[in-house]
There are 2 protein chains.
Amino acid sequence: MMMRNLLLYLRYDGSAYHGWQVQENAVTVQQTLQDAIEAVFGARLPVTGCSRTDAGVHARTFCVNFRTDSAIACERVPYALNAHLPDDIGVYACRVVPDDFHARYSCVSKRYVYVIRNSPFRDPFAVGRATTVPFPLDENMLHRQAQAFLGTHDFAAFAAAGGSVEDTVRTVSDACVRREGETVLFEVQADGFLYHMVRIMVGTLLDIASGKLPQGCIPQILASLDRSRAGVTAPPQGLYLQSVQYDFRDVE
Amino acid sequence: MMMRNLLLYLRYDGSAYHGWQVQENAVTVQQTLQDAIEAVFGARLPVTGCSRTDAGVHARTFCVNFRTDSAIACERVPYALNAHLPDDIGVYACRVVPDDFHARYSCVSKRYVYVIRNSPFRDPFAVGRATTVPFPLDENMLHRQAQAFLGTHDFAAFAAAGGSVEDTVRTVSDACVRREGETVLFEVQADGFLYHMVRIMVGTLLDIASGKLPQGCIPQILASLDRSRAGVTAPPQGLYLQSVQYDFRDVE
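Participant: Can you help me understand the overall build of chain A in this one?
Facilitator: Each helix and strand in chain A was counted, giving five helices and 10 strands. Scaling as 2.2 N^0.38, a compact globule of 252 residues should have a C-alpha radius of gyration of about 18 Å, and chain A matches this with 19 Å. Overall, the C-alpha framework of chain A stretches about 60 × 40 × 35 Å when taken along its three principal axes. When contacts within chain A are restricted to residue pairs at least 6 apart in sequence, long-range pairs at least 24 apart make up 71% of them. Side-chain charges of chain A comprise 23 positive and 27 negative groups, with the mean position of each set lying 4 Å from the other.

Here is the structure:
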């Protein structure tokens, strides 16, 4: 029997989950997916996720790979898994990838979006899916501030304790703030992200917006390598893993 | 003490409610709002809603009026009520309106949107908020079909039993079908709507899409005045009251 390395693309609303990674005494996306894989493939297979999202964080794209000797046709896999998954997790594609493909290590870059509802009045449709800021945000000012994140920097000041990595240098290739009506969006793309990095970036921008931190402070915060110099950690509810970039050719 | 007639604008996610109107043994939006009004205004005041939305139907705008002798400033009312409302109902504006204003009878027209997710794969963010159609829809064909709804017709064939009205003639001023990516939207505006009218319109369009009903059938269905000639009643989850039009001047 031929072993295949399968790459799954999923989306999930993270509200009900304690993040991606399997934990004891808490329901996670990984174990929920493994339950569905076990139902379809007949074995509890190890699965590798592209990142470790926090509790309450959402994914419009999340990539996972696992190996199987099942002969199931690739295009049937999303339908088969969705039949065993709850409504808040959905698989929308499956590809056969090279044997050395690894959902985390093979990743070239990731893009996150942070959704801020900028209104004094609640939006019942944004509960758990956006962070509310009641005072008016100047998205153009915030966009100018965010340009300081661009390029290769040591992001130690934008990393929470508890991350597992030694090397805190990352390269940010895009950082922008824009408005769509009552929604302000922060989008950031990088070759990798440190623990809570996007949420600390957003918290810092919001501290600048409220006047707690001065405009133009981000370069000094970066240079300090000191987490206590940066802003608060914004809540998880507005954060979405938007897309994941790989550089490979499909096997099939 | 001066009596004022207050008009509230709210939004709600109808998933958790048995529609707008107060019922015994079921939680409705009306009674939830009355609880909040009682907490803020100190009395259980009668409130009039602009329409009777069904269980599971949502509102991006829903208008309500009630009379009070409270001197609370109009611009404080949304904040005060939101503090007593659950997350899935939000008040976003309050106006003082003429004494003879009535949220239902003063309404000039209403606009509904029906959201169809057109994909074989689920969107975890659309659970309870869209109806899924897995086969590809031709939105341009459906738009052409929907033009038959325009104008003044007897919509008896598009009304469920159980409505309270005698006169089933309504004037539709806009009816369109359009696509936004994997979402197909049906929007319809009219001077009034019969019981289940939008959901039967959508069900009929979907029956045309699936080939159960022939293209061009809507004029004959309208002329028949026969509910059994129209299509199925589409589920409530995709339906949103989008906007409500009044013709009046603010008192303040």
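Here the narrative resumes, following the displayed structure.
Participant: Could you clarify how one ought to interpret the domain arrangement of chain A in this entry?
Facilitator: The parts lose accessible area when they come together, and the size of an interface is often stated as this lost area. All names here are of chain A. What the domain assignment lists for chain A is domain 1 (4-106) and domain 2 (109-244). Using C-alpha coordinates to define each centre, domain 1 is positioned 27 Å away from domain 2. In this complex, domain 1 contributes 15 residues to the contact, which on the side of domain 2 involves 18 residues. Roughly 1300 Å² of surface becomes buried between domain 1 and domain 2 when both sides are summed, with 50% attributable to carbon and sulfur atoms. Interface area lost by domain 1 to domain 2 is led by Asp-54, His-58 and Arg-60, which between them contribute 44%. Here domain 1 and domain 2 share two salt bridges between them. Measuring nitrogen to oxygen at the nearest pair gives 3.0 Å for the salt bridge that ties Asp-54 to Arg-199. At the surface where domain 1 touches domain 2, the tally comes to 12 residue pairs in polar contact (both at pLDDT 80 or more). Its residues placed into classes, the side of domain 1 that touches domain 2 shows six nonpolar, five polar and four charged.

Participant: Can you help me understand the pattern of salt bridges in this one?
Facilitator: Here the idea is simple: oppositely charged side chains can pair when their charged atoms come close. Under the counting rule described, the total for this entry stands at 24 salt bridges over all chains. The partner of Arg-178 of chain A in a salt bridge is Glu-187 of chain A, and the shortest N-O contact between them spans 2.5 Å. You can call Arg-178 of chain A partly exposed: its relative accessible area is 32%. Among the ionic pairs, Arg-129 of chain B bridges to Asp-13 of chain B, the shortest N-O distance being 2.8 Å. With Arg-129 of chain B in the loop between β5 (107-117) and β6 (131-132) and Asp-13 of chain B in the loop between β1 (4-12) and α1 (29-41), this residue pair connects regions lying 116 residues apart in the sequence. The class for Arg-129 of chain B is buried, based on a relative accessible area of 14%. Of the residues examined, Asp-13 of chain B reaches a relative accessible area of 6% and is grouped as buried. Counted as one network, the salt bridges with shared partners bring together Arg-111, Asp-174, Arg-178, Glu-180 and Glu-187 of chain A.

Participant: Sorry, what's going on with the relation of the copies chain A and chain B here?
Facilitator: Here two copies of a chain appear, and what relates them is a rotation about an axis with a shift along it. Of the transformation superimposing chain A on chain B, the axial component is 0.0 Å and the angular component is 180°, with the fit at an RMSD of 0.0 Å. Accordingly, the operation relating the two chain copies is best matched by a two-fold axis. For chain A, the residue whose C-alpha comes nearest the rotation axis is Phe-125 of chain A, separated from it by 5.0 Å. Comparing interface residues between copies, 100% of those in chain A also sit at the interface in chain B, which points to an isologous, same-surface contact.

Participant: It is not clear to me how the confidence of the model for chain A should be interpreted in this structure. Could you clarify?
Facilitator: The predicted model of chain A averages 94 in pLDDT, with 97% of residues at 70 or higher. The ipTM value of the predicted complex is 0.86, and its pTM value is 0.90.

Participant: Sorry if this is basic, but what is going on with the layout of surface pockets here?
Facilitator: Over the atoms rolls a probe the size of a water molecule, and in doing so it shows where empty space is left. Taken as a whole, the largest pocket holds about 1400 Å³ of empty space. Surrounding the largest pocket, 37 residues form its lining, Arg-60, Phe-125 and Arg-129 of chain A together with Arg-60 and Phe-125 of chain B being those nearest its centre. Among the elements that line the lining of the largest pocket, the one with the most residues is strand β5 (residues 107-117) of chain A, at four residues. Its residues assigned to classes, the lining of the largest pocket shows 15 nonpolar, five polar and 17 charged.

Participant: What exactly am I supposed to notice about the environment of Leu-81 of chain A here?
Facilitator: All names here are of chain A. Mapped onto the fold, Leu-81 is located in helix α2 (residues 77-82). Residues Leu-81 and Val-47, spaced 34 residues apart in sequence, show a C-alpha to C-alpha distance of 14 Å. Ignoring anything within four residues of it in the chain, the contact list for Leu-81 reads Leu-8, Ala-36, Ile-37, Val-40, Phe-41 and Val-91.

Participant: Any chance you could explain the interface of chain A and chain B here in plain terms?
Facilitator: Every contact between the two is made by 28 residues of chain A and, on the other side, 28 residues of chain B. Interface area, chain A with chain B, both sides summed: about 2200 Å², of which 57% is carbon and sulfur. Considering only the surface of chain A that becomes buried against chain B, Phe-121, Arg-122 and Phe-125 of chain A emerge as the three largest contributors, covering 36% of it. Taken together, chain A and chain B are joined by zero salt bridges. Between chain A and chain B we count eight residue pairs in polar contact (both at pLDDT 80 or more) in total. Contributing elements (two or more residues each) for the side of chain A that touches chain B: β1 (4-12), β3 (58-68), α2 and β4 (89-97) of chain A. Among the elements that line the side of chain A that touches chain B, the one with the most residues is β4 of chain A, at four residues.

Participant: In this structure, what is going on with unusual backbone geometry? I would like to understand it.
Facilitator: Most peptide bonds take the trans form, and the phi angle of most residues other than glycine is negative. A positive phi angle, near 60°, is found at Asn-25 of chain A, a position not held by glycine. On the secondary structure map, Asn-25 of chain A appears in the loop between β1 and α1 (29-41).

The rules behind each value
Residues numbered from 1 in each chain as written. Chains lettered and ligands numbered in written order. Predicted model: local features only at pLDDT ≥ 70, side-chain atom pairs only at ≥ 80, totals over all residues. Heavy atoms only, no water. Helix = DSSP H or I, 4+ residues; strand = E, 2+ residues; numbered from the N terminus. Rg over C-alpha atoms; globule rule 2.2 N^0.38 Å. Contact = heavy atoms within 4.5 Å. Lys, Arg positive; Asp, Glu negative; His and termini not counted. Charge placed at Lys NZ, Arg CZ, Asp CG, Glu CD. Domains from an automatic or database assignment. Buried area = accessible area lost by both parts, 1.4 Å probe. Salt bridge = Lys/Arg side-chain N within 4 Å of Asp/Glu carboxyl O. Polar contact = N/O pair within 3.5 Å; in protein donor to acceptor, adjacent residues only side chain to side chain. Nonpolar A, V, L, I, M, F, W, Y, C, P; charged D, E, K, R; others polar. Buried < 20%, exposed > 50% of the residue type's maximum accessible area, 1.4 Å probe, protein only. Least-squares fit on C-alpha atoms with pLDDT ≥ 70 in both. pLDDT = per-residue confidence, 0-100. 1 Å grid on protein atoms, 1.4 Å probe; cavity = no way out; pocket = protein on both sides within 12 Å on 5 of 7 lines; lining within 4 Å. Points joined across faces, edges and corners; volume = space filled by probe spheres on them.

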